[in-house]
Amino acid sequence: MIKSPRSGTMLNVSSVKQASDLLKHCWTKHCGPLYDVAMSVCAKALDGEATAREARFAFVEAAKEVEAFVEEKTQASAAHRSAKDKVNVAAFSIEEGAPQTPHPDRAS
């Protein structure tokens, strides 16, 4: 869950497509360097050049940068874990409902 940087609405972002759209259309005008990283990684994930896990991590870091990050929903909600450790790839796919296929150049 994040709070929309522009409207303040609570959003459950569950796909790279949703994250990319949110970054493009609903982000704050005061973007930091992690915004550019998130845009790039989401675009690469949509093109099959990065994983959904990498896109999720970049998106969460960009949300934290503008203080829009609220929480991540995972099966194990252990306190004090880094966002990278909490990534749940099954809950963040390239497209909603699409199975996650590994990138051919990446080890599982």
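Residues numbered from 1 in each chain as written. Predicted model: local features only at pLDDT ≥ 70, side-chain atom pairs only at ≥ 80, totals over all residues. Heavy atoms only, no water.

Caption draft 1: Focus on the nonpolar core. Residues Ile2, Leu23, Trp27 and Phe59 are the most contacted members of the largest nonpolar core, which totals 20 residues. Of all the secondary-structure elements, those providing two or more residues to this core are helix 1 (16–25), helix 2 (33–46) and helix 3 (52–65). Ranked by residues supplied to this core, first place goes to helix 3 with six residues. Once residues lying within four places of it in the same chain are set aside, the contact partners of Leu23 are Tyr35, Ala38, Met39, Cys42 and Phe59. (Core = buried A, V, L, I, M, F, W, Y, C linked by side-chain atoms within 4.5 Å. Buried < 20%, exposed > 50% of the residue type's maximum accessible area, 1.4 Å probe, protein only. Helix = DSSP H or I, 4+ residues; strand = E, 2+ residues; numbered from the N terminus. Contact = heavy atoms within 4.5 Å.)

Caption draft 2: Inspection of helix 2 at higher detail. Helix length check: helix 2 (14 residues) gives 20 Å between terminal C-alpha atoms against 20 Å at 1.5 Å per residue, within 8%. Taken together, the buried positions of helix 2 are occupied by Tyr35, Ala38, Val41, Cys42 and Ala45. Seen end-on, helix 2 carries its buried residues on one side only, within an arc spanning 135°. Structural note: helix 2 exposes Pro33 and Asp36 on the side pointing more than 90 degrees away from its buried face. Of the surrounding elements, those touching the buried residues of helix 2 are helix 1 and helix 3. At the exit of helix 2 stands Gly48, carrying a positive phi of roughly 80°. (Expected span 1.5 Å × (residues − 1). Arc of directions from axis to C-beta.)

Caption draft 3: Quick peek at the environment of Gly32. Within the secondary structure, Gly32 is located in the loop between helix 1 and helix 2. Taking relative accessible area as the criterion, Gly32 reaches 16% and is therefore assigned buried. Placed 34 residues apart in sequence, Gly32 and Val66 show a C-alpha to C-alpha distance of 7.7 Å.

Caption draft 4: Structural view of the environment of Cys31. Mapped onto the elements of the fold, Cys31 is located in the loop between helix 1 and helix 2. By relative accessible area, which is 36% here, Cys31 ends up partly exposed. Separated by 35 residues in sequence, Cys31 and Val66 place their C-alpha atoms 7.3 Å apart.

Caption draft 5: Summary view of the packing of helix 2 against helix 3. For the pair helix 2 and helix 3, the least separation of the axes is 8 Å and the interaxial angle reads 160°. Considering the angle they form, helix 2 stands roughly antiparallel to helix 3. Helix 2 and helix 3 meet at a crossing whose hand is left-handed. The segment helix 2 lies against helix 3, with Pro33, Leu34, Tyr35, Val37, Ala38, Val41, Cys42 and Ala45 engaging Glu54, Ala55, Ala58, Phe59, Glu61, Ala62 and Glu65. In terms of residue class, the contact of helix 2 with helix 3 is made up of 12 nonpolar, no polar and three charged. (Axes fitted to C-alpha atoms, helices over the stretch in contact; angles between N-to-C directions. Parallel < 35°, antiparallel > 145°, perpendicular 65-115°, else oblique. Left-handed = near helix turned anticlockwise from the far one by under 90°. Nonpolar A, V, L, I, M, F, W, Y, C, P; charged D, E, K, R; others polar.)

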